[in-house]
Amino acid sequence: MRRFFLGAIAISILLVATGIGTTVTLAGSGPLKPGDTLFPLQYFAEQSQGELITTDIGAAKHFISIAGRRAVDLGSIAGTSDELLSIYYLDQALDQAAVAVAKTERTEIEIFRLDLVDLLLQIRDSASKLSVVPIEDPDVYNGLIAKIESLQNLIVNPDSVSSDFASIVNINSFGGMANVDVPKFVEKNNTDNLISGGPQSIPFPENSPGAQHDFFPLIGEHATIDCESCHTTSQYVGTADTCEACHTNIKPANHYQGDCAACHTPVSWHSVNFDHALVGATDCQACHSNNKPANHFGGQCSQCHNTSAWLPASFNHSGQTDCQACHSRPSGHYAGQCSQCHTTSTWTGAAVHFAGADCQACHSRPSGHYGGQCSQCHSTSTWSGANFHFAGANCVACHSGHTTQQCSDCHNTSNWDDADDDNEEDEKDEEDEEDEKDEEDEEDEEDD
């Protein structure tokens, strides 16, 4: 019996040693890839090994190495149905590596920079081979590319410090995993739990107002506030990065519903500059109806106003014919269209120069004045200097005479005093002859 127990103990020790050895081997060499049956066991071994590391630098190096391993796995799995699962594990590994680096001293980034460069190059190479996810799950693929770009910006920036790397955690809002069997201990968003068994606060940079923040630049007023003003739980992950999330409580009623950044900048909240072209704004009245005066033109504001200045307004009258639709006239004014006298460039300086104008419709005449159209004597350029001497004019209609003949028989239109009296003498001779004849007729009657 004693021999049996000793044998059982020996077998148990052997199995435990074998298990530990197998675990250590799996964690060290990582021969399995996402999609392999025993890969979750290898993943567990890798995580367990990471938890046993007692220094921040050691943990960072470990998880950078694991991320590199996942990047290689992605390249070898490219073109298969396991692409999505492989991206998931790579994304998880990158988050772990980023958090681990962020927990080291701020200047210790230089220790990992070359390792991070190698990691970045490997990820880019593997991502370039993908052919399934870019088509079937483009959001997942684009999320991966976004995370790669953010990682590259941090690596190449000589001013980056260790804590900046936490900014890439959860950049990829990972989707598409509903149909992928992921072990419970590999669930997304448990990044901190996988490192040290519970949620961890990440130390913020010592001089937060000047911290590098490439994915959300800290400029203007954002550069003057403490990290804790936005990261209220002392954690990077989950902090909103939209204006609306922080400033919705100060938005006035009936305010523009678009993105705050379309008008405001972090430099000054009150220096509003809305780029109408950038956002494709075409419905002016959606924002400016409260500025429109009563009885104003009902069309779009952009037909008169421009986006650089509200005044002066300039309406393009091209194609417009009904002036009276917008312009009212004074009492007793000419009833025709405004365009017959006025121009679209200026309201003043009106001039009537159209054919067939009825002068008397606007101009009254003195008592006893000539009854014809004003235009027979006057011009439209000046009222004075009238000239009414057209061919066939009836002179006596205006000039009282001393004979029954037309004034023009003796007078000319250039000088009234320079009269030609030949016609008058002839007329007198004719009258004398008629008188003599009348007298002779009377004498003959008396003789009879």
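Refer to the structure printed above.
Definitions and cut-offs
Residues numbered from 1 in each chain as written. Predicted model: local features only at pLDDT ≥ 70, side-chain atom pairs only at ≥ 80, totals over all residues. Heavy atoms only, no water. Helix = DSSP H or I, 4+ residues; strand = E, 2+ residues; numbered from the N terminus. Expected span 1.5 Å × (residues − 1). Buried < 20%, exposed > 50% of the residue type's maximum accessible area, 1.4 Å probe, protein only. Axes fitted to C-alpha atoms, helices over the stretch in contact; angles between N-to-C directions. Parallel < 35°, antiparallel > 145°, perpendicular 65-115°, else oblique. Left-handed = near helix turned anticlockwise from the far one by under 90°. Contact = heavy atoms within 4.5 Å. Salt bridge = Lys/Arg side-chain N within 4 Å of Asp/Glu carboxyl O. 1 Å grid on protein atoms, 1.4 Å probe; cavity = no way out; pocket = protein on both sides within 12 Å on 5 of 7 lines; lining within 4 Å. Points joined across faces, edges and corners; volume = space filled by probe spheres on them. Polar contact = N/O pair within 3.5 Å; in protein donor to acceptor, adjacent residues only side chain to side chain. Core = buried A, V, L, I, M, F, W, Y, C linked by side-chain atoms within 4.5 Å. Arc of directions from axis to C-beta.

## Topic: helix H4 (residues 83–102)
Taking 1.5 Å per residue, 20 residues should reach 28 Å; H4 reaches 28 Å between its end C-alpha atoms and fits that length. Counting buried positions along H4 gives 20 out of 20 residues, so the element sits mostly inside the fold.

## Digging into the environment of leucine 119
As for its position among the elements, leucine 119 is in helix H5 (residues 109–127). Its relative accessible area of 4% is what places leucine 119 among the buried residues. Along the sequence, leucine 119 and glycine 68 sit 51 residues apart, while their C-alpha atoms lie 5.3 Å from each other.

## Description of the packing of helix H2 (residues 39–52) against helix H3 (residues 56–77)
Their axes nearest at 10 Å, the elements H2 and H3 cross at an angle of 160°. As the angle between them shows, H2 and H3 are arranged roughly antiparallel. H2 and H3 meet at a crossing whose hand is right-handed. Listed contacts from H3 to Phe39, Gln42, Glu46, Gln47, Gln49 and Gly50 of H2 are His62, Phe63, Ile66, Arg69 and Arg70.

## Thoughts on the pattern of salt bridges
Under the definition given, this model contains nine salt bridges. Ionic pairing is found between arginine 113 and glutamate 110, a salt bridge with its closest N-O pair at 2.8 Å. Of this pair, arginine 113 and glutamate 110 both sit in helix H5, three residues apart, roughly one helical turn. Across the salt bridge formed by aspartate 125 and lysine 129, the nearest N and O atoms sit 3.5 Å from each other. Among the residues examined, aspartate 125 registers a relative accessible area of 37% and is labelled partly exposed. Through salt bridges with shared partners, a single network forms among Glu46, Arg69, Arg70 and Asp73.

## Things to note about empty space enclosed by the protein
Tallied over the full model, the rule gives two cavities of 30 Å³ or more. If you go around the largest cavity, the residues you meet are Leu94, Ala97, Ala98, Leu116, Leu119, Leu151, Phe165 and Ile168. Residue assignment for the lining of the largest cavity shows that the elements contributing at least two residues are H4 and H5. Lining the second largest cavity are Arg365, His369, Tyr370, Gly372, Gln373, Cys374, Cys377 and His378.

## Observations regarding the side chain of serine 126
The residue serine 126 is located in helix H5 in this model. One polar contact links the side chain of serine 126 to the main-chain carbonyl oxygen of alanine 71, over a distance of 2.6 Å. Leave out the neighbours within four places in its chain, and serine 126 touches Ala71, Val72, Leu74 and Gly75.

## Section: the nonpolar core
With 35 residues, the main nonpolar core has Leu116, Leu144 and Phe165 as its most contacted residues. Within the residue set of this core, elements represented by two or more residues are H3, H4, H5 and helix H7 (138–156). Of all the elements, H4 adds the most residues to this core, at 10 residues.

## Overview of H7
Helical periodicity: at 3.6 residues per turn, an α-helix aligns residues three or four positions apart in one direction. The first and last C-alpha atoms of H7 sit 27 Å apart over 19 residues, in line with the 27 Å expected at 1.5 Å per residue. All of the buried residues in H7 are Val140, Gly143, Leu144, Lys147, Ile148, Ser150, Leu151, Leu154 and Ile155. Taken around the axis of H7, the buried residues stretch over an arc of 165°, which confines them to a single face. H7 presents Asp139 and Val156 as exposed residues on the side facing more than 90 degrees away from its buried surface.

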